[in-house]
Amino acid sequence: MALRLAATTGVAGMLLACALAAFLYWTLARELDQRAREELAGKLQRVAHSVAEARDLAALVADDHALRDVMLGHENLHLALTRPDASRTLIGYGAAADATAERFAGRASATVGWPSPAHGRMLSLVAGARTLAGDEVMVHLTLARRADDRLLGAVSRGIAVALPGTLLLIAAAAWLGTRRGLRPLTDFRALADAVSTRRLGSRLVLADLPEELEQTAAAFNTMLSRLDEGVARLSEFSADLAHELRNPLANLMGKTQVALSQARSAPEYRAVLESNAEEFERLARLVDDMLFLARSDRPGETAGREHVDLAAEAARLIEYFAPLAEEAGVGMDVAGSATVVGDRTMLQRALSNLLSNALRYTPPGGRIGITIADDAGSSTLAVENPGEGIAAEHLPRLFERFYRVDAARSRAEGGTGLGLAIVRTIMTLHGGVAEVASSPHGPTRFTLRFPRGGA
């Protein structure tokens, strides 16, 4: 890229330099030509005035001091006065006078440039004039332009000498400027080469970048920040997952080794197997939740599209949880109605996770409230429990995987720490959001907000 840009810039600069040199040469030649014509016209007027003051041709030829004054000091001027028929030259001054008279014989008036082998480029002006007696003569005034030719030659030689060096300087400047301008891209490459899963903290410095690359660098830094955050979460997730698996596996291994350490009775073996079965169920729930989250994270994963009555689904789940609620001494109410477009099974799972959490943290005698609302912008379903509240510092991370406010109590009661993460994932697939609001002493309210018309 640097070579192509430098070549393009260099060639453009060289062409511009050549065009500028040619323009300057043409401008100088044009100015010299214009000045020569003006000088020749001025001299011709003085000659014509001298002719007009002469009494007749004889007096003009006999007393030609006025014409000599015009020619005095101008070695490059050549003057010839002839009769209109060019039969003979009456007066001639300069080496090229006769040649001029012969070349333009018979012409009434003309301004012509022509080459002379002996004198170089010539510029001639032909015009008629009359004496006081009415005698007509033809004035042939010629300017030899050797001085102009010498000046143009010196300029062209100067251009020929200076232009190659100028072109080389332009090429070098184009290369150095391109390399300097593309230096931020080299920084991009160096940073990209240094990026790894262990080194994601480097960032591009935006202060010294050109405006054209500043937004790209900002986007690159944002991408690195997202990767850094994603790798950190993945590392944390891996550690949490290993911790979650370690406890049930340790329980299974310990109980099994204790049972095998000596002979046991059938009821004792049965008790060990029943305890192991509970741990296996917990592992199965954990694996099932992980598979659901993994499938939901795949690109292109979408939720089903069917009309779901939130009030009917809430009533169905209240009936399902009724035995557990009765055993815990907790009541459940549902109010309001709304219909959303989504996946019925996923929405049942999200609401089930919220009700399970609410039952776990609602004290005996409390009541869980399910409020459903429908307005012009969105549909909402809120689950509120009057139990102990959640501190404000925990609320932003409550929907993260394996995050627990009280890890020991949740694990003891069989939770995997993935219930709220699944709720958030389901709402994301439906184009909605999951929100939580709580105060230190309760209540705690989880709200599912669905977009109008579904995802």
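Anything mentioned here points back to the structure above.
Heads up: these notes are all about the structure in this document. (Residues numbered from 1 in each chain as written. Predicted model: local features only at pLDDT ≥ 70, side-chain atom pairs only at ≥ 80, totals over all residues. Heavy atoms only, no water.)

Let's talk about the pattern of salt bridges
This structure, assessed with the given rule, holds 15 salt bridges. Taking the shortest distance from any N to any O, the salt bridge between Asp148 and Arg145 comes out at 3.2 Å. For the pair Asp148 and Arg145, one class covers both residues: buried. A salt bridge links Arg344 to Glu313, with the shortest nitrogen-to-oxygen separation between them at 2.6 Å. Pair noted here: Arg344 is in helix H10 (residues 344-361) and Glu313 is in helix H9 (residues 310-328), with a separation of 31 residues, a long-range link. What makes Arg344 partly exposed here is its relative accessible area of 27%. Here the residues in one salt-bridge network are Asp33, Arg35, Arg37, Arg145 and Asp148, joined through shared partners. (Salt bridge = Lys/Arg side-chain N within 4 Å of Asp/Glu carboxyl O. Buried < 20%, exposed > 50% of the residue type's maximum accessible area, 1.4 Å probe, protein only. Helix = DSSP H or I, 4+ residues; strand = E, 2+ residues; numbered from the N terminus.)

Points about the environment of Leu182
Structurally, the position occupied by Leu182 is in the loop between helix H5 (146-181) and helix H6 (183-194). Considering only alpha carbons, one finds Leu182 and Leu5, 177 residues apart in sequence, at a separation of 9.8 Å.

Observations concerning helix H12 (residues 419-429)
For H12, the buried fraction is high: eight of the eleven residues fall into the buried class. Taken together, the buried positions of H12 are occupied by Leu420, Ala421, Ile422, Val423, Thr425, Ile426, Met427 and Leu429. Tucked into the core, H12 has its buried residues touching helix H8 (266-296), H10, strand S11 (433-438) and strand S12 (444-451). Gly431, located one to two residues past H12, shows a positive phi value of around 75°. (Contact = heavy atoms within 4.5 Å.)

Focus on the side chain of His140
Within the fold, His140 resides in strand S5 (residues 136-144). Overall, His140 belongs to the buried group, its relative accessible area being 2%. A polar atom in the side chain of His140 sits 3.2 Å from the side chain of Thr82. (Polar contact = N/O pair within 3.5 Å; in protein donor to acceptor, adjacent residues only side chain to side chain.)

Take it as geometry only, folks, not as evidence of what the structure does.
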